[in-house]
Amino acid sequence: MQSPLSIRNLTVAYQKKPVLRDISLDIPEGNLIGIVGPNGAGKSTLIKAALGLIPRVAGEVALYGKLYREQRKLVGYVPQRESVDWDFPTSALDVVMMGRYGHLGWFRRPGLTECELAMECLEKVGMADFAGRQISQLSGGQQQRIFLARALAQDAKLYFMDEPFVGVDAATEKAIITLLNELKKQGKTVLVVHHDLATVKEYFDWVILLNVRLMAIGPTGLVFTRELLQQTYGGRLALLDRDDEAVIAGGR
C-alpha cells in the first residue's frame, strides 16, 4: 500500500538560507499526525512544499505514489487564517462549495447537490446558521470552522492543516479535534502543524519533530519524550512536567 505522503531528501531555501534540509519521511495512513517544532523550524514550509506551493531546492514528494498535480482530488488543505483575504466578498456557503470545484471540473457550476453537501458540512462544524453571512463578518474561530467545512466538502483522503487551533476559542478547538477524530475513524490521514505542546499527546497518534532537519518521527508515545524535545527545541523548551508526560511551556 502506498504511503499517503512520502518525502525523499527534501530541501527548501529562502534567499539561499535552508529552511528545510534533507527531509525524508513516510506517513502512515489513517492517523492524526502533529508537526511540532520551534519558530522557524519549517513546519508550514513542509506542508507548502508537499503541496507544490513553494519551490524546492532538491528532493521528491509523492502523494499515494504520485505527484500532487495528479492527486489533487485526494488532498484537502486548510491554510493559516492570516494568509487568507477575509475581505473578499463571498459568503460562508460559497467558500464551502469551493471545496467541490475539483470534483466538478472546469465547465460545471455547483448545483443543488453541491449546495446540499456544503450545508451538511457547515452543519458538522456548527455553522449552518451562518451560511449566508459574509466571511469578513465572522469571528476568527468561525472563519476557521468555515475553512474546515470547505476541507470536508472536498471529501479528501489526505488533509494538511496549518495551525488550525491558533486564535480560536475553547469551544472551537473542541469542535475541531472532534472533527479530526471523525476523519480518522473514516480512514483519513490528517497532518496538523501544531504549536501547543501541552495537547500533543492528547490530540495526535504520531508526531513529526522538526527543526530545519527531521529530528524524529513516530508514534507519539515513543517520540514525544524529554530527550527528543530537548534536542528539537534546545534552550527554547521551557518546562516539562515531572513525569515527562506533557510539555507545560514551549516555543511555537
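Residues numbered from 1 in each chain as written. Predicted model: local features only at pLDDT ≥ 70, side-chain atom pairs only at ≥ 80, totals over all residues. Heavy atoms only, no water.

**Focus on the overall build of the protein chain**
And then number 1: Across its full length, the protein chain carries nine helices and eleven strands.
And then number 2: For the protein chain, with 252 residues in total, the buried portion stands at 50%. (Helix = DSSP H or I, 4+ residues; strand = E, 2+ residues; numbered from the N terminus. Buried < 20%, exposed > 50% of the residue type's maximum accessible area, 1.4 Å probe, protein only.)

**Side note on the packing of aromatic side chains**
And then number 1: The final tally for this structure, using the stated rule, is two aromatic pairs.
And then number 2: Each ring, one from phenylalanine 165 and one from tyrosine 203, has its centre 5.3 Å from the other, and the planes form 35 degrees; the classification is tilted. Note that phenylalanine 165 is positioned in the loop between strand 6 (158-162) and helix 6 (170-185) and tyrosine 203 in helix 7 (residues 200-203), a separation of 38 residues in sequence.
And then number 3: Each ring, one from tyrosine 203 and one from phenylalanine 204, has its centre 6.2 Å from the other, and the planes form 80 degrees; the classification is edge-to-face.
And then number 4: In this structure tyrosine 203 comes out as buried when scored by relative accessible area, which is 9%.
And then number 5: Taken together, the aromatic side chains of Phe165, Tyr203 and Phe204 make up a single cluster linked through ring pairs.
And then number 6: Over the ring of tyrosine 64 we find lysine 157, and its NZ or CZ is 4.4 Å from the ring centre. (Phe/Tyr/Trp six-rings, centres within 6.5 Å; stacked < 30°, edge-to-face > 60°. Lys NZ or Arg CZ within 6 Å of the ring centre and 35° of its normal.)

**Some details on helix 6**
Residues spaced three or four apart along an α-helix face the same direction, because each turn holds 3.6 residues.
And then number 1: Across its 16 residues, helix 6 extends 23 Å between first and last C-alpha, which sits within 8% of the 22 Å expected from 1.5 Å per residue.
And then number 2: Restricting attention to buried positions, one finds in helix 6 the residues Thr172, Glu173, Ile176, Ile177, Leu179, Leu180 and Leu183. The arc that holds every buried residue of helix 6, seen down its axis, measures 155 degrees, which confines them to one face. Exposed residues pointing more than 90 degrees away from the buried face of helix 6 are listed as Ala170, Lys174 and Lys185.
And then number 3: Buried positions along helix 6 lie against strand 3 (32-36), helix 5 (140-154), strand 6, strand 7 (189-193) and helix 7.
And then number 4: Looking one or two residues beyond helix 6, the residue adopting positive phi is glycine 187, at roughly 85 degrees. (Expected span 1.5 Å × (residues − 1). Arc of directions from axis to C-beta. Contact = heavy atoms within 4.5 Å.)

**Brief notes about the pairing of strand 5 (residues 75-78)**
And then number 1: Neither face of strand 5 is exposed, since Val75 and Tyr77 on one face and Gly76 and Val78 on the opposite face are all buried.
And then number 2: Where strand 5 meets strand 6, four bridges bridge the pair, whose relative direction is parallel. The partner of valine 75 across the bridge, within strand 6, is leucine 158. (Pairing = 2+ DSSP bridges.)

**A word on the nonpolar core**
And then number 1: Formed by 45 residues in total, the largest nonpolar core has its most connected members in Val96, Leu122, Ile146, Met161, Leu180 and Val190.
And then number 2: Here this core takes seven residues from helix 5, the largest share from any one element.
And then number 3: Excluding residues that lie within four positions of it along the chain, valine 190 makes contacts with Asn31, Leu32, Ile33, Tyr159, Met161, Leu180 and Leu183.
And then number 4: In this structure, Ile23, Leu51, Tyr64 and Tyr77 belong to the second largest nonpolar core, which totals 27 residues. (Core = buried A, V, L, I, M, F, W, Y, C linked by side-chain atoms within 4.5 Å.)

**Some details on unusual backbone geometry**
And then number 1: Phi is positive for asparagine 9, close to 55 degrees, though the residue is something other than glycine.
And then number 2: By the secondary structure assignment, asparagine 9 is in strand 1 (residues 5-14).

**Description of helix 1 (residues 43-50)**
And then number 1: Burial analysis of helix 1 places seven of its eight residues in the buried class, which makes it a mostly covered element.
And then number 2: Within helix 1, burial applies to Lys43, Ser44, Thr45, Leu46, Ile47, Ala49 and Ala50.

**Quick look at the sheet that holds strand 3**
And then number 1: One open sheet holds the six strands; their spatial order is 5-6-7-3-8-9, and the pairing between them is mixed. Strands at the two margins of the open sheet, each flanked by one partner only, are strand 5 and strand 9 (213-219). Across the sheet, the axes of successive neighbouring strands diverge by a mean angle of 15 degrees, strand direction being ignored.
And then number 2: When strand 3 meets strand 8 (residues 206-211), the two strands line up parallel, connected through four bridges. Residue valine 36 lies in a different strand from strand 8, and its bridge partner there is leucine 209.
And then number 3: This element, helix 5, spans strand 5 and strand 6 of the sheet and lies at about 175 degrees to strand 5.
And then number 4: The sheet strands contacting helix 9 (residues 226-233) are strand 3, strand 8 and strand 9, and the helix crosses strand 8 at an angle near 35 degrees. (Axes fitted to C-alpha atoms, helices over the stretch in contact; angles between N-to-C directions.)

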